[in-house]
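The primary structure of each chain is shown beneath.
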Amino acid sequence: MRYLDFLDLNYKPKETDVICHFHLEPGDLPLREAAGAVAAESSIGTWTELRTMKPYMIELRARVYEIKGHRVSVAYPIELFEPGNLPNLLSSVAGNIFGMSAISKLRLLDIELPEELLRSYPGPRYGIEGVRELLGIRDRPLLGTIIKPKLGLKTRDHAMVAYLAWRGGCDIVKDDENLADQRFNPFEDRVIETLEMRDRAEEETGERKAYLVNVTAETGEMLRRAEYVEDHGGRYVMIDILTAGFAALQTLREAGFKLALHGHRAGHAAFTRPERHGVSMRVIAKLARIAGIDQLHVGTAVGKMAEPKERVLENIEALKMPMTGIKPAMPVASGGLHPALVPELLKIFGVDVIIQAGGGVHGHPDGTEAGAKAMRQAIEAAMKGISLREYAEEHSELKMALERWRRR
Ligand code: CAP
Ligand code: MG
């Protein structure tokens, strides 16, 4: 079969097909042939005709069924993919094709999985509803912080910062993405001491609090750490889904823990940031959700990271859109946030969001507890429809935060 044999512009995708939409800029072949090359290499073909190709295989080929400018849509027969195996899916539709000379740029913009394949994945154990239930918070955004400095605090200081953040009003405290089991803050000690502080904060505030422990590590070790968290009364863990990998995420989800899973996406921008090449964050978000993440970073549009609002909205949609048998996952807004940005964030996200501020809590002139209070006050004000400046008149922590940080 030649590349052009993978074009079938009259084809109407079947309900059982996997659909991928690409942005394609041709390389050393014309656009149509390059599109055929993508469909071939990501399904059953290669660069030359094969003596081993059997007539019964023709129906297994992927078909380019639409080309609109640079947008190329491909339908893949479901038989090409092993159910419940995300790495396998990605090795086809996000594999060799990015490096072919037939293309100069190629971006996987979106993916649609048929019901039968969706059913082979567990999706989130908790999702939006479940996370709200865990924390006992029905109708407001959740407030989280990341312990800062991101590396270097000794265990005792780490636990104390967590305690102050919870006491100030954070619902969630989490480890940073690159904190694991370093000598200055050993994993097991950290779990014990920080969970102790969580219990103390719960008692003192009467609110439920969560500690999201980063368990990202080699897969066997990651499972051991997750078990340690569960055995010591933890309810939540965090995994860096891309550096650990989708297989690791699947393993963690399917290991049978009752833990909720927080997904950090460190490294995503290496392939989501180029506008015309790579894989979109929307695809990553969909796949992380079907694999079972309960909550995932999706950008902020207003903070320190580069993603524009329209991308953030796509990512949120990927977590919340109806998907057969798969619960919606909670979007996490994080990166450069502080109280002055809260009203805008709520306009973008609505109420189902975890607002996370690291620097924007621990950088408050009066410290962590005041920083957490200021964030909580900003959420209260935004929920009541009162301007931050007005609310700050009676809330000194918020006032101080607004003096320190402004909207950009
Ligand atoms: C935020 C953060 C998160 C980023 C990741 C950081 O800290 O802890 O890792 O949110 O970006 O290390 O930068 P600050 P994204 O609140 O101090 O900025 O959510 O876009 O994946
Ligand atoms: Mg971080």
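Treat the numbers as computed from the prediction; the structure is a model and nothing was measured. (Residues numbered from 1 in each chain as written. Chains lettered and ligands numbered in written order. Predicted model: local features only at pLDDT ≥ 70, side-chain atom pairs only at ≥ 80, totals over all residues. Heavy atoms only, no water.)

**A few points about the pattern of salt bridges**
In this structure the tally under the stated criterion is 29 salt bridges. What you see here is one network of salt bridges that share partners, running through D110, R282, K286, E310, R311 and E314. (Salt bridge = Lys/Arg side-chain N within 4 Å of Asp/Glu carboxyl O.)

**Brief notes about the packing of aromatic side chains**
By the definition in use, this model includes three aromatic pairs. Directly above the aromatic system of Y163 lies the positively charged group of R200, at a separation of 4.3 Å from the ring centroid. A cation over an aromatic ring shows up here: R225 above the ring of F187, its NZ or CZ 5.4 Å from the ring centre. (Phe/Tyr/Trp six-rings, centres within 6.5 Å; stacked < 30°, edge-to-face > 60°. Lys NZ or Arg CZ within 6 Å of the ring centre and 35° of its normal.)

**Some remarks on the packing of helix α5 (residues 155-168) against helix α15 (residues 368-384)**
A pair of packed helices is characterised by two quantities: the angle between their axes and the separation of those axes. Closest axis-to-axis distance for the α5/α15 pair is 7 Å, and the angle between their directions is 35°. Read as a crossing pair, α5 and α15 show a hand that is right-handed. Of the residues in α15, those in contact with V161, L164, A165, R167 and G168 of α5 are T368, E369, A372 and K373. Broken down by class, the residue content of the contact of α5 with α15 amounts to four nonpolar, two polar and three charged. (Axes fitted to C-alpha atoms, helices over the stretch in contact; angles between N-to-C directions. Helix = DSSP H or I, 4+ residues; strand = E, 2+ residues; numbered from the N terminus. Left-handed = near helix turned anticlockwise from the far one by under 90°. Contact = heavy atoms within 4.5 Å. Nonpolar A, V, L, I, M, F, W, Y, C, P; charged D, E, K, R; others polar.)

**Details of the pairing of strand β9 (residues 260-264)**
Counting buried residues in β9 gives five out of five residues, a clear majority hidden from the surface. Pairing analysis gives five bridges linking strand β8 (residues 236-240) to β9, with the strands arranged parallel. When the sheet's bridge partners are listed, I239 is paired in β9 with G263. Here β9 runs beside strand β11 (residues 295-297); their pairing, made up of two bridges, is parallel. (Buried < 20%, exposed > 50% of the residue type's maximum accessible area, 1.4 Å probe, protein only. Pairing = 2+ DSSP bridges.)

**What about the sheet that holds strand β7 (residues 210-214)?**
Taken in spatial order, the eight strands line up as β5-β6-β7-β8-β9-β11-β12-β13 and close into a barrel, and their pairing is parallel. The mean inter-strand angle of the sheet, taken between neighbouring strand axes irrespective of direction, is 25°. In terms of strand pairing, strand β6 (residues 172-174) meets β7 through three bridges, oriented parallel. Of the residues in β7, the one forming a bridge with I172 is A210. On the sheet, α15 packs against β5 (142-146) and β13 (354-356) and is oriented at approximately 150° with respect to β5.

**Describing the site of ligand 1**
Of all residues adjacent to ligand 1, which total 16 residues, the nearest are H264, H297, K304, G336 and G358. Here an oxygen atom of ligand 1 sits 2.9 Å away from a polar atom, N or O, in the side chain of E177. G336 is positioned with one of its backbone polar atoms (N or O) 2.6 Å from an oxygen atom of ligand 1. In this structure, ligand 1 is accommodated by the largest pocket. Considering only residue class, the shell around ligand 1 consists of three nonpolar, seven polar and six charged. (Near = heavy atom within 4 Å. Polar contact = N/O pair within 3.5 Å; in protein donor to acceptor, adjacent residues only side chain to side chain. 1 Å grid on protein atoms, 1.4 Å probe; cavity = no way out; pocket = protein on both sides within 12 Å on 5 of 7 lines; lining within 4 Å. Sits in = over half its atoms within 2 Å of the grid points.)

**Structural notes on the coordination of the magnesium ion (ligand 2)**
Working reference: metal with six octahedral donors, ideal angles 90 or 180 degrees; metal with four tetrahedral donors, ideal angle 109.5 degrees. Taken together, the protein ligands of the magnesium ion (ligand 2) are D176 (OD) and E177 (OE), with distances of 1.9 to 2.0 Å. Like E177, D176 is buried. (Donors = N, O, S within 2.8 Å, 3.2 Å for Na, K, Ca; no water.)

**Focus: the domain arrangement of the protein chain**
Here the domain parsing of the protein chain yields domain 1 (7-118) and domain 2 (127-404). Between domain 1 and domain 2, the C-alpha centre-to-centre distance is 36 Å. With 23 residues of domain 1 at the contact, the number on the domain 2 side is 21 residues. Taken together, the two surfaces of domain 1 and domain 2 that pack against each other cover about 1,800 Å², and 60% of this comes from carbon and sulfur. Broken down residue by residue, the surface that domain 1 buries against domain 2 is led by L86, R107 and L118, which jointly contribute 37%. Summed over the shared surface of domain 1 and domain 2, the result is three salt bridges. Put simply, D110 and K286 hold a salt bridge, and the shortest N to O gap is 2.8 Å. (Domains from an automatic or database assignment. Buried area = accessible area lost by both parts, 1.4 Å probe.)

**Overview of the sheet that holds strand β10 (residues 278-279)**
The strands that make up a sheet pair up through hydrogen bonds in the backbone, lying either parallel or antiparallel. One open sheet accounts for five strands, arranged β2-β3-β1-β4-β10; its pairing is mixed. Edge positions in the sheet fall to β2 (63-68) and β10, since each has one partner strand and no second. Sheet analysis places strand β1 (residues 18-26) next to strand β3 (residues 71-76), joined by six bridges and oriented antiparallel. If you follow V18 over to β3, its bridge partner there is Y76. In the packing of helix α2 (residues 86-93) onto the sheet, the strands contacted are β1, β3 and β4 (103-112), and the crossing angle to β4 comes to about 140°.

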